Amino acid sequence: MHERLYDETERVQVRFVGFVSGNGRYDFGIVYTRMFFGKPLVVCLQTGRSSLLSQDDIDNLDHIQRVYCLKSRNEAEEVSNFLHHNVPHLSMEAEAESG
């Protein structure tokens with residue numbers, strides 16, 4: 001027997017973005033949703049690793065390196081910079097829900 005915590009269906013916007021740097025190629029799917037306090041789900045399309053990310057999470061290089069299994073701090077900086085410009089800040093509505 002299981003207690004259902006939530007069961008929501010919504011139409012979401014998904015953005016697929018990628019870039020190449022001196023360290024390699026990176027491909028991400030960004031799922032925009034109203035769930036999870038407005039944090040988008042960012043999926044690495046190469047590894048399948050994913051995380052809900054706010055701008056604070058994106059600025060945390062240790063977190064980015066660990067979540068996406070990046071080999072170096074330099075890679076984490078590149079991915080962080082890329083995501084910083086491609087993941088929106090939380091909306092006022094989402095911030096109010098989290099407060």
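All values reported here derive from a predicted model rather than from experimental measurement.

## Some remarks on the side chain of Ser 51
Okay, so step 1: As for its placement among the helices and strands, Ser 51 is situated in strand β4 (residues 50-52).
Okay, so step 2: Here Ser 51 falls in the buried class, since its relative accessible area comes to 12%.
Okay, so step 3: The residues touching Ser 51, leaving out its near neighbours within four places in the chain, are Pro 40, Leu 41, Val 42, His 63, Val 67 and Tyr 68.

## Here we look at the packing of aromatic side chains
Okay, so step 1: In total, this model carries five aromatic pairs according to the counting rule given.
Okay, so step 2: Three or more aromatic residues link up through ring pairs in this structure, and these residues are Phe 19, Tyr 26, Phe 28, Tyr 68 and Phe 82.

## What about helix α3 (residues 73-86)?
Okay, so step 1: For α3, with 14 residues, the first-to-last C-alpha span of 20 Å sits near the 20 Å given by 1.5 Å per residue.
Okay, so step 2: Among all positions in α3, only Glu 75, Ala 76, Val 79, Ser 80, Phe 82, Leu 83 and Asn 86 are buried. Here the buried residues of α3 occupy an arc of 165° about the axis, which is enough to place them on one side.
Okay, so step 3: Looking at the buried side of α3, the elements it contacts are β1 (13-21), β2 (24-32), β3 (41-44), α1 (55-59) and α2 (61-67).

The rules we used
- Residues numbered from 1 in each chain as written.
- Predicted model: local features only at pLDDT ≥ 70, side-chain atom pairs only at ≥ 80, totals over all residues.
- Heavy atoms only, no water.
- Helix = DSSP H or I, 4+ residues; strand = E, 2+ residues; numbered from the N terminus.
- Buried < 20%, exposed > 50% of the residue type's maximum accessible area, 1.4 Å probe, protein only.
- Contact = heavy atoms within 4.5 Å.
- Phe/Tyr/Trp six-rings, centres within 6.5 Å; stacked < 30°, edge-to-face > 60°.
- Expected span 1.5 Å × (residues − 1).
- Arc of directions from axis to C-beta.

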